[in-house]
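Listed below are the residues making up each chain.
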Amino acid sequence: MSGIYIHIPFCKQACNYCDFHFSTSLKLKSNLIESILVEIDLRHPYLENKNIETIYFGGGTPSLLSEKELFLILEKIYKNYNVSSNAEISLEANPDDLSVEKLKELKRLEINRLSIGLQSFNNEELIWMNRAHTANESEASVKRAQDKGFENISIDLIYGSKFSNLTNWKKTLDKAIALDVKHISSYNLTIEDKTKLGHDFKVKKEIAIDDEKSSELFLEMIDRLEKNNFIQYEISNFGKENYFSNHNSNYWKGIEYIGFGPSAHSFDGVSRQWNVSNNSLYIKNITDKKETYFEKEILLESDQFNEYILTSLRTIWGIDVLVLNTKFNSEILNSFNEKIKTYISSDMIIFNNNKYVLTSNGKLFADKIASELFV
Ligand code: SF4
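Residues numbered from 1 in each chain as written. Predicted model: local features only at pLDDT ≥ 70, side-chain atom pairs only at ≥ 80, totals over all residues. Heavy atoms only, no water.

K.L.:
Could you clarify how one ought to interpret the overall build of the chain in this entry?
P.N.:
Counting its regular elements, the chain contains 15 helices and 15 strands. On C-alpha atoms alone, the chain measures out to a radius of gyration of 21 Å, which is about the 21 Å that the 2.2 N^0.38 rule sets for 375 residues. Each of the three principal axes of the chain carries a C-alpha extent, and together these read 55 × 50 × 45 Å. The buried share among the 375 residues of the chain stands at 53%. A separation of at least 24 residues holds for 69% of the contacts in the chain among residues at least 6 apart in sequence. Within the structure as shown, the chain displays about 17600 Å² of accessible surface, and the carbon and sulfur contribution to it stands at 50%. Separation of charge centres in the chain, based on 44 positive and 53 negative side chains, amounts to 4 Å. (Helix = DSSP H or I, 4+ residues; strand = E, 2+ residues; numbered from the N terminus. Rg over C-alpha atoms; globule rule 2.2 N^0.38 Å. Buried < 20%, exposed > 50% of the residue type's maximum accessible area, 1.4 Å probe, protein only. Contact = heavy atoms within 4.5 Å. Areas by Shrake-Rupley, 256 points an atom, 1.4 Å probe, with all protein chains shown as cover. Lys, Arg positive; Asp, Glu negative; His and termini not counted. Charge placed at Lys NZ, Arg CZ, Asp CG, Glu CD.)

K.L.:
What exactly am I supposed to notice about the packing of helix H11 (residues 301-313) against helix H15 (residues 366-373) here?
P.N.:
Two quantities define a packed helix pair, namely the angle between the helix axes and the distance between the axes. At a minimum axis distance of 9 Å, the contact between H11 and H15 shows a crossing angle of 155°. The orientation of H11 relative to H15 falls into the category roughly antiparallel. For the element pair H11 and H15, the recorded crossing hand is right-handed. Touching Phe305, Ile309, Leu310 and Leu313 of H11 are Ala366, Asp367, Ile369, Ala370 and Leu373, all from H15. Residues belonging to the contact of H11 with H15 are distributed by class as follows: 8 nonpolar, no polar and 1 charged. (Axes fitted to C-alpha atoms, helices over the stretch in contact; angles between N-to-C directions. Parallel < 35°, antiparallel > 145°, perpendicular 65-115°, else oblique. Left-handed = near helix turned anticlockwise from the far one by under 90°. Nonpolar A, V, L, I, M, F, W, Y, C, P; charged D, E, K, R; others polar.)

K.L.:
Just checking my understanding: could you explain the environment of His7 for this structure?
P.N.:
With respect to the secondary-structure elements, His7 resides in strand E1 (residues 2-8). Among the residues examined, His7 registers a relative accessible area of 4% and is labelled buried. When near neighbours in sequence (up to four residues on either side) are disregarded, His7 contacts His21, Ile36, Gly58, Gly59, Gly60, Phe260, Gly261, Pro262, Ser263 and Ala264. Engagement of the side chain of His7 in a polar contact is seen with the backbone oxygen of His21, the distance being 2.9 Å. (Polar contact = N/O pair within 3.5 Å; in protein donor to acceptor, adjacent residues only side chain to side chain.)

K.L.:
Looking at this structure, I do not really get the sheet that holds strand E13 (residues 319-320). What am I missing?
P.N.:
Read from one edge of the open sheet, 3 strands run E13-E15-E14, paired in antiparallel fashion. Strands with a single pairing partner mark the edges of an open sheet, and in this sheet they are E13 and strand E14 (349-352). Note that E13 and strand E15 (residues 355-358) share 2 bridges and pair antiparallel. Of the residues in E15, the one forming a bridge with Ile319 is Tyr356. (Pairing = 2+ DSSP bridges.)

Coordinates in, geometry out; function isn't part of it.
Structure follows, in structure tokens:
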């Protein structure tokens, strides 16, 4: 069981908070798609003989690709890999791209899961984020997708901007629930250095929301979504039963995957590699058949342990004692067993069925707890 990720590094405009790799110039789009096709052939031996259960088009904005471009990538993947007949095929889309015609194209391509970047239902906030759509367009795009037969739909929401307060966050969550989507990913706005928001924050044009307020919004989200049959299977991800993202769940469970396109990461259980985050360099080096379009790191046992703690602790599946005992040496285990006691006694973590899982209180400090458990 393995996954394939394809990074499409183009966007119509730059959202103020975003530090993913993308370009707002579409000049290199055709060349870049060509290079992705070459890369799929070049890296064919990676994950050879593995069954591909998930394919994920992320970005950037994959919904900017034409039907032909998406078709060529999928065709190349099917030619090189053994893809399960019931594979989950996800595509990230922005509401402004999801016309009736585009949705028909995606259906023809057998995309069976859409992840739509709504982010907010507040037009003022959408403008402040520099999103390319309005709140009405967001809602209409979800309904159109449902009308065209997409039932596995996820939406993204951001909370914690200066526009967020408990009253309007409750309304946002109620609107999201009323859309009858199967999955919601919701992230606290983070201020990244190399973004417009990061710059505005530095020159004091913007202020960050305080942690206490963010925690209040986070707990409200858990409460409201759980009351409406969403399961929080990862700190920022909520799915109805049978609608968790298989692709992302596999990342968190440490299952191998390969990533194509600039900035895409790959993981084979013992090493991690990542492609250059530069479109021209990626195209040039792939065309020259150089191996230098990626960097590679062999993961030490301590790295593998830290990754396992960081990802598993954020999930409903928790840290599994069986995995710890089979994968890690006694020195690492002794240190873990000693440190974990503090979090159990302070009601941050519970131990159940041989798994360590965060309590509601612990979820507020997930990454901090994980880093303190690192070796
Ligand atoms: S948030 Fe999405 S649409 Fe906006 S710039 Fe980032 S990748 Fe592009």
